[in-house]
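These are the residues of each chain, in order.
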Amino acid sequence: MKSVIWAQISKDKRNPILVLAFIIGSILATLFFAGGIQTPTKVAIFSEEVNAEEIEAKWEELLNVDDSLNFVVTDPTEAREDVRDGNIDVAVQLMEMDYRLLVTSELPTVSIVRQHVDKVFQQEAQISALISSTGDENVRSEVENYLADAPVQMEAQGLDSEEVPNYNMGIQLMFAFTFLISMFLVGFKVNNVTNDKVSGVWNRMILSPISKTSMYFGYILYSFLITMFQIVVVLVVFKYVMNYELGDNLWMLVLISAFFTFSMISIAMLLTGLVKSPEQFYAIYPSIIPLIPLVSGAYMMPGTITNQVLLFIADLFPLAHAMDALMSVIFYDANFSDILMPLLFMILIGVIAMGIGINLIERRGLNKVVK
């Protein structure tokens, strides 16, 4: 087993670019797609009405009541160009009592902005209707004072804590992209089994005193260690360098990542048993992996996917279970017993996929010997 691991380490020492590229890619992908969510999201607002300045001043004050959103008055042409070029996710064109969103794609930020703006406009419409019906300009201040000290008040409270956690989509996307990159790394490392079979290295190892169990375990353990190295480096960078709020249970995040890594190694081993050459693996595996986060809802707010067929397919892969466990630990302070079920699901997926994959690899080798 040690000789197999050292052989794989020697390969990466001679050409470490692949592993370094995956680590850097994990960080850059998160910064590019989710980095802006960690600070208040900039939303450009503008008006092209006759009294544009008055409208912009009015709605800028009313809209800037959410700490996670920063509405900034912007030149209309500049706002459109920023949205078109991808510099900002969304811009709001203001009218006297209406608005229009300018977007290029339905990113998570867009739905958050739409909900907030719609709420503010509806509230303002109700107050304006009261002023029109009563003719009293003091209605606004009376309504605001009433809401500040209403006779019936609602307090939001979490299940196990006094405060409802502030769900940060940026952290979810960080794990989504980190795990996406790690799935590619897992596949390329597990595919070394097929590479060594084709090159003849596998047959030479069989003739040596190494047992097949040790050979398989060596490939699996090295794939596990190098993938965990990539994940842990990314977690440490985002927690201690970029100050992402990942909570105080970093060891539990690493534990969940370890279960996920084992399960994905098993799936990669299953696919290795289904293909006949490394080239087939490289053609199929990179085509399947990007679909897993989409089906699992890793790029969307929880509860977005409600289709039962898609939910069933997502449960067949470990990413959905890993994301559930991670978000529970970070946002809801879940302990080990709370995340035990997702961990067991990942172990079950891993054991089944690993068993079938190794069996298929051995059957193909046996068929070649018989022929």
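Treat the numbers as computed from the prediction; the structure is a model and nothing was measured.

> Can you help me understand the overall build of the protein chain in this one?
Counting secondary structure elements, the protein chain contains 16 helices and four strands. Relative to its full complement of 371 residues, the protein chain shows a buried share of 43%. Contacts in the protein chain between residues at least 24 apart in sequence constitute 75% of all its contacts with a sequence separation of at least 6. With the model as given, the accessible surface of the protein chain reaches about 20300 Å², and the carbon-plus-sulfur share is 60%.

> Got a minute to help me understand the packing of aromatic side chains in this structure?
Note on aromatic pairs: each is described by the distance of the centres and the angle between the planes. Here the structure, examined in full by the defined rule, presents 10 aromatic pairs. Taking 4.9 Å as the distance between ring centres and 70° as the angle between the ring planes, the aromatic pair formed by Phe238 and Tyr244 counts as edge-to-face. Tyr244 shares its class with Phe238; the two are buried. Summarising the aromatic geometry, the rings of Phe281 and Tyr282 are spaced 6.3 Å apart at their centres and angled 80° between planes, so their arrangement reads as edge-to-face. Here Phe281 falls in the buried class, since its relative accessible area comes to 0%. You can call Tyr282 partly exposed: its relative accessible area is 36%.

> Whenever I open this one, the pattern of salt bridges confuses me. Can you help?
Opposite charge on two side chains permits pairing when their charged atoms draw close. One pass over the structure, following the stated rule, counts two salt bridges. Its salt-bridge partner being Arg80, residue Glu48 comes within 2.9 Å of it at the nearest N-O pair. Remark: Arg80 occurs in helix H4 (residues 76-85) and Glu48 occurs in the loop between strand E1 (41-47) and helix H3 (52-63); sequence separation between them is 32 residues. Residue Glu48 is classed as partly exposed on the basis of its relative accessible area of 44%. Lys58 is the partner of Glu124 in a salt bridge, and the nearest nitrogen-oxygen pair spans 3.9 Å. Of this pair, Glu124 sits in helix H5 (residues 108-134) while Lys58 sits in helix H3; the two residues are 66 residues apart in sequence, bridging distant segments of the chain.

> Got a minute to help me understand the environment of Leu253 in this structure?
Here Leu253 shows up in helix H11 (residues 250-274). If sequence neighbours within four positions are ignored, Leu253 has contacts with Phe175, Leu235, Leu246, Leu326, Val329 and Ile330.

> What is the right way to look at the nonpolar core in this model?
Proteins that are soluble and globular tend to have nonpolar side chains buried together. With 62 residues, the main nonpolar core has Phe175, Phe179, Met183, Leu246, Ile256 and Tyr285 as its most contacted residues. Elements with a minimum of two residues in this core: helix H2 (17-34), helix H7 (169-190), helix H10 (212-241), H11, helix H12 (278-288), helix H15 (318-332) and helix H16 (340-370). Here the element with the most residues in this core is H7; it accounts for 16 residues. Other than its neighbours up to four places away in sequence, Phe175 contacts Leu235, Leu246, Leu253, Met323, Leu326, Met327 and Ile330. In terms of nonpolar packing, the next biggest core, distinct from the first, is built from 17 residues, Trp59, Val90, Leu101 and Val117 among them.

> What is the right way to read H3 from this model?
An α-helix turns once every 3.6 residues. As a result, residues three or four positions apart point the same way. Compared with the 16 Å implied by 1.5 Å per residue over 12 residues, the 16 Å span of H3 between its first and last C-alpha is a close match. Looking at H3, one finds that the buried residues are Ala52, Ile55, Glu56, Trp59 and Leu63. Axial view of H3: buried residues confined to an arc of 95°, hence all on one face. Summarising the geometry of H3, the exposed residues directed more than 90 degrees from the buried face are Glu53, Glu54 and Glu61.

> What is the right way to read a negative patch on the surface from this model?
On the surface, Asp75, Glu78, Glu81 and Asp85 cluster together into a negatively charged patch. Take Glu81: it is sitting in helix H4. Judged by relative accessible area, which is 36%, Glu81 ranks as partly exposed.

> Which parts of the structure should I look at to understand H15?
Here H15 spans 21 Å end to end across 15 residues, near enough to the 21 Å set by a 1.5 Å rise per residue. In terms of burial, H15 is a largely internal element, 12 of the 15 residues being buried. Turning to H15, its buried residues number three or more, namely Pro318, Leu319, Ala320, His321, Ala322, Met323, Ala325, Leu326, Met327, Val329, Ile330 and Phe331. Of the residues flanking the end of H15, it is Asp333, one or two places downstream, whose phi is positive at about 50°.

Criteria and thresholds
- Residues numbered from 1 in each chain as written.
- Predicted model: local features only at pLDDT ≥ 70, side-chain atom pairs only at ≥ 80, totals over all residues.
- Heavy atoms only, no water.
- Helix = DSSP H or I, 4+ residues; strand = E, 2+ residues; numbered from the N terminus.
- Buried < 20%, exposed > 50% of the residue type's maximum accessible area, 1.4 Å probe, protein only.
- Contact = heavy atoms within 4.5 Å.
- Areas by Shrake-Rupley, 256 points an atom, 1.4 Å probe, with all protein chains shown as cover.
- Phe/Tyr/Trp six-rings, centres within 6.5 Å; stacked < 30°, edge-to-face > 60°.
- Salt bridge = Lys/Arg side-chain N within 4 Å of Asp/Glu carboxyl O.
- Core = buried A, V, L, I, M, F, W, Y, C linked by side-chain atoms within 4.5 Å.
- Expected span 1.5 Å × (residues − 1).
- Arc of directions from axis to C-beta.
- Patch = residues over 30% accessible without salt bridge, like charges linked within 9 Å, V, L, I, M, F, W, Y side chains within 5 Å.
- Lys, Arg positive; Asp, Glu negative; His and termini not counted.
- Charge placed at Lys NZ, Arg CZ, Asp CG, Glu CD.

On their own, these measurements won't tell you what the molecule is for.
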